[in-house]
Every structure is written in structure tokens, then in C-alpha cells.
There are 2 protein chains.
Amino acid sequence: MSEAAVVEPIGKRERTKVANRQAILVAARRVFAKLGYEAATVRDIIRGTELASGTFYNYFRSKEEVFEALADDGARRFRPILRQARENAKSFEDYLHSAFVAYFRFIVEDNQQEGLPIDQRRPHVRMDTPEMSAVYQEVRQSLEDAIAHGDAPRVDADYLACACIGIAQEVGSAMLRRSPPDIAAAADFATGLILKGLQGAPRQG
Amino acid sequence: MSEAAVVEPIGKRERTKVANRQAILVAARRVFAKLGYEAATVRDIIRGTELASGTFYNYFRSKEEVFEALADDGARRFRPILRQARENAKSFEDYLHSAFVAYFRFIVEDNQQEGLPIDQRRPHVRMDTPEMSAVYQEVRQSLEDAIAHGDAPRVDADYLACACIGIAQEVGSAMLRRSPPDIAAAADFATGLILKGLQGAPRQG
DNA sequence: TATGGAAATTGACGATGCGTCATTCTTGTG
DNA sequence: CACAAGAATGACGCATCGTCAATTTCCATA
């Protein structure tokens, strides 16, 4: 069967490398959810795999780096969704709303995957990875474009992006605490708050 | 000098207890600022005092408990400021603005005290202490009152409180990144955004 | 003032996690 | 098949953890 070579064209070396990395990430996700980031140890993570402790360090330098990889992964999955919302949007309001829906849907999915909601893990750790700040840049760029096109007043785009992200985070958390989480209602709230609030924001000198 | 007894009416026992606790908190604040919460160890903290390692555990059960005590302390100092802003406010807009100013002033002071701004410490840890959630309750109560008095539309008070807090946190962080931090401008932005946004927020059914 | 005992401090201890590295095993190549 | 490069392994030295028996400090009472 010559197809076998096509299905797995890469050598076993590379395959196990990818598999091991993935196994570590999967185990880490489970362990972080179960024990919280703080309490979790590299040994806890590695115990959730078939690997030896030393092997962990062939893939990541530390627990923090694993967390970053997970966060990066999340951001990397979210960014194209956000970008698409931007491209498909018929209006600024439409963009804002789709973006909030996308984010809220995203965190709902991320949370029902694991046991504990992110917010109930204590202490709560937030990390700025390159991909995370890429999401911020994405948001900010969209807002600046909207301002440039006259779809939004000429406000401080940095502050506005921060406000949008802050609202998304906190309202998103609040939404997750309710059952069942109503994504549409939360998105309506956030969109309405920001949109009609723009007129009141100070013009940028 | 009989006054000595008046100046220090309590016994040495109690005095050293208070002093030791304070010494640990002060050292912890310094260590967290220097190394970040994650990297800091109980030993690092205790080394910043004259005490032995075992003594730490007479005062706190863990590093986390020290952090909570610090956060609680912050919230405890902030709450009366917030309450006063509420009592002195001439209008809802006035209240919102004073509250934002109070918060932004608060974090500016808190940050210039230590070396690194809180936001540049990685990983970033956020914790919900009883006092922290008391601040949330305070904010939410104010908003509910405003709604009840007809000063604000009948929106979802929980979401609105979350949105205010999210805006305060993120815009506050952004403000700290600028130099010099312009408290008034940030407060104007946040107040304007929320106030004029209220009309657009969905009515609560 | 002297003293007995409660309370607080101390640092050593066993347990555990850290990151490293010499060794062993595995894989791809000639 | 043989060999070299690469990856996995787990034991090692070091650091921190939280505990606890021994010690010191303080205060109340005689």
C-alpha cells in the first residue's frame, strides 16, 4: 500500500515529537483546570502523560511556557474569527456585535470543555502572550479604521480598545456565571453600551 | 514618665505581633513587585524581614493568603473613598466621574510606590477576596440605586457593574502605561463612554 | 523582684518539586 | 547491518515547602 507513505509522509521522529508536545498541552490543560495554574506543578503535568520528567524540558522551559502556549493557541484560534467578523461586517455596529458574539461563544466553548470555569480558579492568572497582544492590536486596528472611515467618533482608540476588551472580559465572566449563558443578550448589552456611549466620549485632540 | 504608658498602652506581646504582621506584608509587597507573585517564595518574603521561616506560618498559611491580605487591604482603603464619592455626588454623572477619578488616583499611587507597575508583572494574578467583591457590591448597589431613582435607564445592573469595573481596570492599565498618567482624561473617557452608552443598552425585561 | 507558665519564635527536618545531565534507547542513513 | 544524531530517561544536587519539638520572651501573680 503505497498510500501509507502518503498518509504519514513524515518520519516517526517528527510524529512523536508532535504527539508528545500535544500530549503535554492536553495534560496541562486538564491539570490547570483541576488544580489551578498556581498549584499545578510540572510534575503534575508530566504525570498526566506517558513521558518522563526530563522529557518535559525538551518541549517547554517551564510551566509558564506551557501556559503561554495554551493561551497562544486560544488567541491563534480566535484571531481569524475576529478578522472574519471584521470583513463580513455590514456596519460598525454589526462588527462590534459579531466580535462580542464571537468572543462570548469562544469562552463558553472553552469553559464547558473543562470542569471549572476559568473564573473560579484561584488565584486567577492572566498572561500577555504575543498572540494575546495580537488580538488587542486586531481590535484596535478595527476601531481605528472605523474612526478613519467616519463610522465612529474620533476618540482615543487605545482607550476605546481597552474599554471594549475590559467589557468583554468582565461581562463575559458574568455571563458564564449565569445558567444558561445567554450569548446574544450579553453581546447586545456590550454592543449597546459601547455604541451609544461613543457620542459621549471626549474627542481626541 | 507616666505618659509612656499612655502612648503604648498595649503590651509588648501585641505590639510585636502587629509589627511582625506588618513587616511580612511590607516585605511581601516589595518581593511581589520585584519578582512577581509567581516567582516569589515564602522564603523570599521572610528573608526580607528579621524573622525565621517558621514564624511566617504563625501569621499566614501561605503566600496566597499574604496576597489576599494585601488585596484586601487595598480594597479596604478604597471602599470608603468610593462610598464618599457616592455620598458627595450631585448627580449620577458626578458619581461616576468621581468614582473613576478615585480609582485611577488609587492605582497611580499604588504603582508609584513600588518599582514595577502591576501590569508589567508576569504572570499577572488577580484574586477575588471578600473585600474585593465588597467593592463590586458597592458599585452595583450604587448603580441599582441610580436606576431606582430614575437617574439611569433600567438596564442589567450586574452587567453594568461588570462593564464599569472592566473599563476601569483596562483603561486604568492603559493610563498607567502612559507618562505622565492623566487621571482626568481617563476618567472623562470612561464616564463619557458609560453615560452616553446607557441609552443604547437593552432594557431589562 | 522573682518565678511559673502561656505564647511566640526558632531552625532543623522529611517530603516534594525544580532543572540538569550523563546514560540509554530510538531512528534515519549510508 | 552499523553508525551517528537525536530524543527519552530518571537520578542528582539544590531549594522550598509546611511542621514541630525545643527554646526564648513576655506577663501575671506572689
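Residues numbered from 1 in each chain as written. Chains lettered and ligands numbered in written order. Predicted model: local features only at pLDDT ≥ 70, side-chain atom pairs only at ≥ 80, totals over all residues. Heavy atoms only, no water.

**A look at the relation of the copies chain A and chain B**
And step 1. Mapping chain A onto chain B calls for a rotation angle of 180° and an axial translation of 0.1 Å; the resulting RMSD is 0.1 Å. What the superposition gives is, in effect, a two-fold axis relating one chain to the other.
And step 2. The overlap is high: 100% of the interface residues of chain A also sit at the interface in chain B, so the same surface is used on both sides. (Least-squares fit on C-alpha atoms with pLDDT ≥ 70 in both. Contact = heavy atoms within 4.5 Å.)

**Some points on the protein's contact with DNA strand C**
And step 1. Taken together, 19 residues lie near DNA strand C, and Lys12(A), Arg43(A), Tyr57(A), Asn20(B) and Thr55(B) sit nearest.
And step 2. Within 4 Å of the protein, the contacting atoms of DNA strand C are drawn from sugar and phosphate to the extent of 59%.
And step 3. In this structure, a phosphate oxygen belonging to DNA strand C sits 2.5 Å away from a main-chain N or O atom of Lys12(A).
And step 4. Asn20(B) is positioned with one of its side-chain polar atoms (N or O) 2.4 Å from a phosphate oxygen of DNA strand C.
And step 5. Looking at the surface near DNA strand C, the elements with two or more residues in it are helix 2 (12–35), helix 3 (42–47) and helix 4 (53–59) of chain A together with helix 2 (12–35) and helix 4 (53–59) of chain B.
And step 6. By residue number, the principal contributor to the surface near DNA strand C is helix 4 of chain B, which donates 5 residues.
And step 7. Across the surface near DNA strand C, the residue classes break down as 5 nonpolar, 8 polar and 6 charged. (Near = heavy atom within 4 Å. Polar contact = N/O pair within 3.5 Å; in protein donor to acceptor, adjacent residues only side chain to side chain. Helix = DSSP H or I, 4+ residues; strand = E, 2+ residues; numbered from the N terminus. Nonpolar A, V, L, I, M, F, W, Y, C, P; charged D, E, K, R; others polar.)

**Focus on the interface of chain A and chain B**
And step 1. In this assembly, 42 residues from chain A lie in contact with 42 residues from chain B.
And step 2. Interface of chain A and chain B: buried area, both sides summed, is about 3,600 Å²; carbon and sulfur atoms make up 59% of it.
And step 3. Of all residues in chain A, Arg126(A), Tyr159(A) and Phe189(A) bury the most surface against chain B, accounting for 21% of the area lost on that side.
And step 4. Our enumeration of links across chain A and chain B arrives at 8 salt bridges.
And step 5. Between Glu38(B) and Lys63(A) there is a salt bridge, and its shortest N-O distance comes to 4.0 Å.
And step 6. Linking chain A with chain B are 6 residue pairs in polar contact (both at pLDDT 80 or more), by the criterion used here.
And step 7. When contributions to the side of chain A that touches chain B are tallied by element, the ones reaching two or more residues are helix 5 (63–88), strand 1 (124–126), helix 8 (157–177) and helix 9 (183–198) of chain A.
And step 8. Here the side of chain A that touches chain B gets 14 residues from one element, more than from any other, and that element is helix 8 of chain A.
And step 9. For the side of chain A that touches chain B, the per-class residue count stands at 21 nonpolar, 7 polar and 14 charged.
And step 10. Relative to strand 1 (residues 124–126) of chain B, strand 1 of chain A runs antiparallel, the two sharing 3 bridges. Bridging across to strand 1 of chain B, Val125(A) finds its partner in Val125(B). (Buried area = accessible area lost by both parts, 1.4 Å probe. Salt bridge = Lys/Arg side-chain N within 4 Å of Asp/Glu carboxyl O. Pairing = 2+ DSSP bridges.)

**With respect to unusual backbone geometry**
And step 1. Each neighbour pair has its own omega, and for Ser179(A) with Pro180(A) the value is -5°, a cis peptide bond.
And step 2. Take Pro180(A): it is sitting in the loop between helix 8 and helix 9.

**A closer look at the protein's contact with DNA strand D**
And step 1. Taken together, 20 residues lie near DNA strand D, and Asn20(A), Thr55(A), Lys12(B), Arg13(B) and Tyr57(B) sit nearest.
And step 2. Counting only atoms of DNA strand D within 4 Å of the protein, the sugar-phosphate share comes to 59%.
And step 3. In this structure, Ala52(A) approaches DNA strand D through a main-chain N or O atom, which is 2.8 Å from a phosphate oxygen.
And step 4. Of all the secondary structure elements, the ones that give two or more residues to the surface near DNA strand D are helix 2 and helix 4 of chain A together with helix 2, helix 3 (42–47) and helix 4 of chain B.
And step 5. Split into classes, the residues belonging to the surface near DNA strand D amount to 5 nonpolar, 8 polar and 7 charged.

**Quick word on the packing of helix 2 of chain A against helix 5 of chain A**
Residue and element names in this part refer to chain A.
And step 1. Direction vectors running N to C along helix 2 and helix 5 enclose 95°, while the axes themselves pass 10 Å from each other. One finds that helix 2 runs roughly perpendicular with respect to helix 5. Facing Arg 21, Leu 25, Ala 28, Arg 29 and Phe 32 of helix 2, the residues of helix 5 in contact are Lys 63, Val 66, Phe 67, Ala 69, Leu 70, Asp 73 and Arg 77.
And step 2. For the contact of helix 2 with helix 5, the residue count by class is 7 nonpolar, no polar and 5 charged. (Axes fitted to C-alpha atoms, helices over the stretch in contact; angles between N-to-C directions. Parallel < 35°, antiparallel > 145°, perpendicular 65-115°, else oblique.)

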